[in-house]
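As a plain string of letters, each chain reads:
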Amino acid sequence: MPHYKLNYFDARGYAEAARMILHYAGQEFEDNRFTHEQWPEIKHRSQTGKAPWLEVDGEHIYESAAITRYLGHTFGLAGKDAMENAQIDSIIDTYKDFLNDARPFLMIKTGHVKGNLDELKPKYDEACERWYTYLQKRLDKVGSGFIASKLSWGDFSLAEGIKTAQNFDDQIEKKYPKIIEYKQRVHSQPKIKEYVEKRADSIL
Amino acid sequence: MPQYKLHYFDIRGMAEPARLIFHFAGQEFEDLRYDRQAEWPKVKPTSETGKAPWLDVDDERIYESLALTRYLGRKFNLAGKDEMESAQIDSIVDTCKDFFDEVQSYLSVKRARSEGNLEELRPKYDETCKKWYTYLQSRLDKAKSGFITSKISWGDFLLAEGILTMQNFDEEFAGKYPKIVEYKDRVYSHPKIKEYIEKRGDLLY
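Everything numeric in this text was worked out from a predicted model, so none of it was measured.

The rules behind each value
Along every chain, residues carry numbers that run from 1 in the direction the sequence is written. As they are written, the chains are lettered A onward and the ligands numbered 1 onward, keeping that order. For this predicted model, a pLDDT threshold of at least 70 governs which residues receive local features, and a threshold of 80 or more governs which side-chain atom pairs are given and counted, while totals over whole chains, interfaces and linings are taken from all residues. By convention in this description, side-chain values take in all heavy atoms of the structure and omit both hydrogens and water. For two strands to pair, DSSP has to find at least two bridges joining them. Each helix is a run of H or I in the DSSP string that is no shorter than four residues. Each strand is a run of E no shorter than two, and both are numbered from the N terminus. Fitted lines through C-alpha atoms give the axes, limited to the stretch in contact for helices. The angle between two N-to-C directions lies from 0 to 180 degrees. A cavity here means a set of points on a 1 Å grid, drawn over the protein atoms and nothing else, where a 1.4 Å probe fits but cannot get out; a pocket is an open set with protein on both sides within 12 Å along at least five of seven lines, and a residue lines either one if it has an atom within 4 Å of a point. Grid points are joined across faces, edges and corners, and a volume is the space filled by probe spheres set on the points. Residue polarity follows a fixed list, in which Ala, Val, Leu, Ile, Met, Phe, Trp, Tyr, Cys and Pro are nonpolar, Asp, Glu, Lys and Arg are charged, and the others, Gly among them, are polar. UniProt positions are given in the numbering used here, feature names are shortened, and annotations may be inferred rather than shown by experiment. The contact rule is simple, with two residues in contact once any of their heavy atoms fall within 4.5 Å. Buried area: the accessible area, evaluated with a 1.4 Å probe, that two parts lose upon being put together, summed over both parts. By salt bridge we mean one thing: a side-chain nitrogen of Lys or Arg within 4 Å of a carboxyl oxygen of Asp or Glu. Residues adjacent in sequence count toward polar contacts only when both atoms are side-chain atoms; beyond that, a polar contact is any pair of N or O atoms within 3.5 Å, and within protein one must be able to donate a hydrogen and the other to accept it.

Asks: Could you give an account of the sheet that holds strand β4 (residues 60-63) of chain B, with specific residues and numbers?
Replies: Pairing between sheet strands relies on hydrogen bonds along the backbone, with the strands arranged either parallel or antiparallel. All names here are of chain B. With mixed pairing, four strands are arranged side by side in an open sheet as β2-β1-β3-β4. Two strands bound the open sheet, and with one partner strand each, they are β2 (30-34) and β4. Across the sheet, the mean angle from the axis of one strand to that of its neighbour is 20°, orientation sign disregarded.

Asks: Help me get a handle on empty space enclosed by the protein, residues and values and all.
Replies: Using the criterion set out here, one finds one cavity of 30 Å³ or more in the structure. Of the pockets and cavities examined, the largest cavity occupies roughly 80 Å³. Residue lining of the largest cavity: Arg 69, His 73, Ala 82, Asn 85, Ala 86, Ile 88, Asp 89 and Trp 153 of chain A together with Arg 70, Tyr 71 and Arg 74 of chain B, and that is the complete set. When contributions to the lining of the largest cavity are tallied by element, the ones reaching two or more residues are α3 (64-74) and α4 (82-109) of chain A together with α3 (65-75) of chain B. With five residues, the top contributor of residues to the lining of the largest cavity is α4 of chain A. A breakdown of the residues in the lining of the largest cavity according to their chemical character gives five nonpolar, two polar and four charged.

Asks: An account of the UniProt feature "domain: GST N-terminal" (unreviewed entry) in chain B is needed here, citing residue identities and associated values.
Replies: Within the UniProt annotation, "domain: GST N-terminal" (unreviewed entry) is assigned to residues 2-80 of chain B. Between the C-alpha atoms that bound residues 2-80 of chain B there is a distance of 23 Å. The span itself is 32% helix and 24% strand.

Asks: Help me get a handle on the interface of chain B and chain A, residues and values and all.
Replies: Taken together, the contact between chain B and chain A spans 27 residues of the former and 27 residues of the latter. For the pair chain B and chain A, the summed buried area comes to about 2,400 Å², and 51% of that belongs to carbon and sulfur atoms. Taken as a group, Glu 48, Glu 64 and Met 84 of chain B account for 21% of the area that chain B buries against chain A, more than any other trio of residues on that side. Here chain B and chain A share eight salt bridges between them. At the boundary of chain B with chain A, the tally comes to 13 residue pairs in polar contact (both at pLDDT 80 or more). Residue assignment for the side of chain B that touches chain A shows that the elements contributing at least two residues are β4, α3, α4 (83-110) and α5 (118-143) of chain B.

Asks: So what's going on with the sheet that holds strand β1 (residues 4-9) of chain A? Which residues, and what values?
Replies: All names here are of chain A. Strand order in the open sheet formed by four strands is β2-β1-β3-β4, with mixed pairing between adjacent strands. Every other strand in the sheet has two partners, leaving β2 (30-34) and β4 (59-62) as the edge strands with one partner each. Neighbour-to-neighbour, the strand axes of the sheet open up by a mean angle of 20°, direction not taken into account. Pairing between strand β3 (residues 53-56) and β4: four bridges, direction antiparallel. Paired with Leu 54 across the bridge in β4 is Ile 61. Of the strands in this sheet, β1 and β2 are in contact with helix α1 (residues 16-24), which crosses β1 at around 150°.

Here it is, written out as structure tokens:
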């Protein structure tokens, strides 16, 4: 078995889906977490200057989606065929587009940036409406309860995103209850239920 | 054989790597190109994401340029020799996307698409280019094949397109990154796409 080492901040963020896959698979791995204070010293170890990165017997993989997709394919959490894999990729990329649209509002909400929440709220609400409607449509189309015919790495990434959204927006549960149900369905899968219950929460 | 229909604008942009894959594979496909002013307003509502490109494979539709390009790459044996190589292609392509996001503001002003001060934006642009192209060169050096993995892949097509675009907007590019331009030329001179590249003409973007 290869030796896996995941390197990221001590937060869920862009690494949690990868952690979840490894827990789901019962695969031991080094969960290397560093603080923001430690980051300037560690940064030079990252060939792209960014985190997360995954080491597989010393070979580095950068970029969270590449890492998560790789682990998904390795541990039986990919789609059933090439077309399903394409649909997973497609939905994840559309989710990233949504994050880009939502970011200006969220940066102010989290206090990272100063700005006018009231001005940005309409655009943020519109982006949420578009994205969650699209996601629900995809879920309805497949009918399995997941974005592909069975649980996949894409569901782990999206569930984390929904959880983070709830940390900043208490309206989501009211406006999109079926989306919250979807997140709970993913998080209550027997192989990760315990990990999800025990893990430390982080706002992001 | 499935029927392929690629929907996009009449530019290289986010769809050209997919077109290159089809030509490389000798696979027929409908290369639909919408005029932004005359046709796109009517077509846009038919896109479930409101965006282009998308790919129809018989009656299935794939949105998002990287998803459809990766799908075609895997289909036509242009996705690395194993899962690790596939992951490295994904990784380098995503890092390339980060790069273009970061230089977007400078290029937008250079293209006169937005207002701004080129002199002010220039140092960050130069630094960002240096970081990315140094990283790309290190990946090429590591793979030793002349490509980013052991053989030509959809990732090389995407990166070559990006390099061509950079050359079109930055007249100093070839002088600063000659080995990167050599890499692009190596990709483009592959026998299976050479003719298409020569015939397609010089599209700026």
